Amino acid sequence: MAVFERASVCTLDCPDTCSLTVTVNDGRIIKVRGSDALPYTDDVICNKVARHSAEFVHGKGRLLWPLRRLGSRGSGQFARIGWDEALDEIHERVIAVIERFGPQAVMPLNYAGPHGMLSTDSMSLRFFHRLGASQLYRRALCGGVRSEAWAGTYGAVPGISPEAAADAALNIVWGNNATVANLHLVRQTRAAQRKGGRLTVIDPLRTKIAEQADLHLALRPGTDVLLAFALAVELERLGAHDRAFIAEHVAGYDEFMALAQAWPAEMAAGECGVALGDIRRLAMWMAEADPLVLAPGNGLERGRNGGSGIRAAIALPALLGKLGPRSGIVLGAGNAFPKTPAKLQRPDLVPPGTRTINILDVGRHLERDDLDPPLRAVFIYNHNPIVVHPDQNRLRTGLSREEVFLVGIEIAMTESMQYCDIVLPAASHFESDDLYPSYGHHWLQRAEAVILPVGEALPNTEIFRRLAARFAFSDDCFRASDHELMDDAVDPGDPRLHGLRGSQLPTGEAMRMSGPDGRPLALFDNVMPDTPSGRIELASEVLKQRWGEAARLPGFRPRTAKFPLALISPSSASRISSTLLGRGGKPDEAPPLQMHPEDARPRGLTDKRPVRVWNDRGSVILKLQLTDAVPPGVVASEKGAWLATSPTGQTISALVSADDRADLAQGACFNDTRVEVVQA
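Residues numbered from 1 in each chain as written. Predicted model: local features only at pLDDT ≥ 70, side-chain atom pairs only at ≥ 80, totals over all residues. Heavy atoms only, no water.

A. Spatial organisation of the nonpolar core. Formed by 170 residues in total, the largest nonpolar core has its most connected members in Ile 90, Tyr 154, Trp 174 and Met 286. Here the element with the most residues in this core is helix α9 (residues 224-237); it accounts for 10 residues. Among the nonpolar cores identified, the runner-up in size contains 21 residues, and Tyr 40, Val 330, Trp 443 and Ala 510 belong to it. (Core = buried A, V, L, I, M, F, W, Y, C linked by side-chain atoms within 4.5 Å. Buried < 20%, exposed > 50% of the residue type's maximum accessible area, 1.4 Å probe, protein only. Helix = DSSP H or I, 4+ residues; strand = E, 2+ residues; numbered from the N terminus.)

In structure tokens form, the structure reads like this:
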């Protein structure tokens, strides 16, 4: 049998986008390990990918051929059909929808399962744009709040690379469960600690990286903006504001500080639930530290004050003047790459007047038919919405409607696929060619398939080529090969690519996006803010125009709720979002509910016993884990488990409101959920 090793890239939803070495035996993946093709990976990858990739590709849940639903939605009863039969039925039923309701009754429901530029949004969006389908605003689900906060403050530019954390005198990891969701950042912070640097973690949950920190501030969910305001005031009291830097490079300083002054450390400590001495200690460390690196994570954005929390946090290095080649903020990495999305996705094909639907509203629109035209054909791909979306039960009700034609494109038979009328088998990232930027570092990678697609699976690009042909779309852009799509994805004239087209990038070797001087990209070194004023904008007219008057400056909206406990949903060591790479899909694999003993005693709850976590939207049965890793008033359970893990057939996504929104980008409030817990 032929055994060989091939270079690849991990495309799952993680900021590290690791380089891989894949061992193949007779056409099957038998081993996956990290490589040094991307120096940041440095031969190390997470256990999830190392241990479970072969099962992910070749396991019994893998979809191998097109299927047609036979039983009721969600029953999992399907019959095998051929590709031609599947495409014919999709064409016939979608055309029937368009003839009756118009093309906007059709919608893609996709997100970011794979992070390759081709598999995520290339030929697929060309198809939906040409079809005239409703557009989908996806960023509200995750990432939009963070991106808007960053762009409104610094512009569409990259922050410092995460490698800078290895030499920081102080690293601040804020709202980032980095050990399971940003592994290589942890390696950098640990390297800095070995050199005498300090690590501060700001997170309601005592995560593993928090246990390794020199200081952990376990603040209440949603109060990050107040902590940042308090730090700004305390730094001013210490005389640490860099007045010269602020005068030259910061706009809105006086307005920002006027808001911050209302929350000195003495007041913020009580509202945030942290010790006054810890706020003052962190401010002193920040004033002293050179270099200083701040690494905000996704957890920071997932609440009503998410945009304000991020904006106030990323203002702090600017107040200190600590931005340059060694100090900075690990954010905005996606802006490091010379992407050309208009060429790749062809928005010019969209008919004028086509509506855009917020991804968080899809469940309501399907359930209530409150759109004109109503949604009557939905394509689900790169996404497991039943597990991931807030207000899970409402979405399930909407997807259960027989009058809505559902097409699924997936690697595995997820619970979302069980609701579809036609399911098409997609190739994994190990079975297709793609181009991989990152949202966590500055290295661009290209990978080729390491094995042929299993069964009758096809890459996303080929699936949508075939759909375009079946719908008689004759434009040349629908015949583009994957190599041509790579060339459309990035600008070969940009100096960061050294004259190479996307398809010419080497495999097995990452290309660092660097400045004109060849050095790593860093704000106030070889990159400057790209805001309308050319300065760091603590007061943003752009955000005001996009999201309303209240978005001009960061602010605090207090939380009032019917239910007493705040539920947060951290990342898992067993899953990447809802992609199962270990545990989370079977009845005995539910993540526990972590609760402080002070909250358990008055409720008569016992460790390791099942409890019911509930609110007006749903109810989940989980095993209780009593721990002081969460502060009183807060409970935590990992995100991404499937419906089968709870006897109620629901997960914690059922408890999250789809109608509560963050202060920027209409973002989902996963960490702003209130619940009660009782004995099951």
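B. Spatial organisation of the side chain of His 441. In this structure, His 441 sits in the loop between β18 (434-436) and β19 (443-447). For His 441, a relative accessible area of 0% translates into the label buried. Here Asp 16 takes part through its backbone oxygen, which lies 2.8 Å from a polar atom of the side chain of His 441. From its side chain, His 441 meets the backbone nitrogen of Trp 443 in a polar contact 3.2 Å long. The contact partners of His 441, leaving out residues within four places of it in the chain, are Pro 15, Asp 16, Thr 17, Leu 38, Tyr 40, Pro 162, Ala 333 and Phe 337. (Polar contact = N/O pair within 3.5 Å; in protein donor to acceptor, adjacent residues only side chain to side chain. Contact = heavy atoms within 4.5 Å.)

C. Geometry of the environment of Thr 461. Looking at the secondary structure, you find Thr 461 in helix α19 (residues 460-470). As for Thr 461 and Asp 121, which are separated by 340 residues in sequence, their C-alpha atoms are 9.0 Å apart. Among the polar contacts listed, one links the side chain of Thr 461 to the side chain of Asp 482, at a separation of 2.9 Å.

D. Focus on the pairing of strand β27 (residues 618-626). Relative to β27, strand β25 (residues 593-595) runs parallel, the two being bridged by three bridges. Bridged to Gln 594 within β27 is Gln 625. Judged from the six bridges that link them, strand β26 (residues 610-615) and β27 form a sheet pairing that is antiparallel. In the strand pairing of β27, Val 613 is matched with Val 620. (Pairing = 2+ DSSP bridges.)

E. Highlighting the packing of aromatic side chains. Evaluation of the coordinates by the stated rule reveals 16 aromatic pairs. Between the aromatic rings of Phe 127 and Phe 471, the centroid separation amounts to 5.3 Å while the plane-to-plane angle is 80 degrees, which identifies the pairing as edge-to-face. Remark: Phe 471 occurs in the loop between α19 and α20 (482-489) and Phe 127 occurs in helix α4 (residues 123-131); sequence separation between them is 344 residues. By relative accessible area, Phe 127 is classed as buried at 0%. Taking the relative accessible area as the measure of exposure, Phe 471 reaches 8% and is therefore buried. Joined through ring pairs, the aromatic side chains of Phe 127, Phe 128, Phe 379, Tyr 381, Phe 464, Phe 471, Phe 473 and Phe 478 make up one cluster. A cation sits over an aromatic face here: Arg 376 above Phe 101, 5.6 Å from the ring centre. (Phe/Tyr/Trp six-rings, centres within 6.5 Å; stacked < 30°, edge-to-face > 60°. Lys NZ or Arg CZ within 6 Å of the ring centre and 35° of its normal.)

F. Quick look at the sheet that holds strand β1 (residues 3-9). Here three strands make up an open sheet; going across it, the order is β1-β2-β3 and the pairing antiparallel. Bordering the open sheet on either side are β1 and β3 (28-34), each of which pairs with just one other strand. This sheet shows a mean twist of 25 degrees between the axes of neighbouring strands, independent of strand direction. Strand direction decides the pairing type here: strand β2 (residues 19-25) and β3, joined by six bridges, are antiparallel. Within the sheet, the bridge partner assigned to Thr 23 lies in β3 and is Lys 31. The sheet strands contacting helix α1 (residues 47-58) are β2 and β3, and the helix crosses β3 at an angle near 155 degrees. (Axes fitted to C-alpha atoms, helices over the stretch in contact; angles between N-to-C directions.)

G. Local environment of the layout of surface pockets. What the second largest pocket holds in volume is close to 300 Å³. Lining the second largest pocket are 20 residues, with Arg 220, Pro 221, Thr 223, Arg 559 and Arg 674 sitting closest to its centre. Its residues assigned to classes, the lining of the second largest pocket shows seven nonpolar, six polar and seven charged. (1 Å grid on protein atoms, 1.4 Å probe; cavity = no way out; pocket = protein on both sides within 12 Å on 5 of 7 lines; lining within 4 Å. Points joined across faces, edges and corners; volume = space filled by probe spheres on them. Nonpolar A, V, L, I, M, F, W, Y, C, P; charged D, E, K, R; others polar.)

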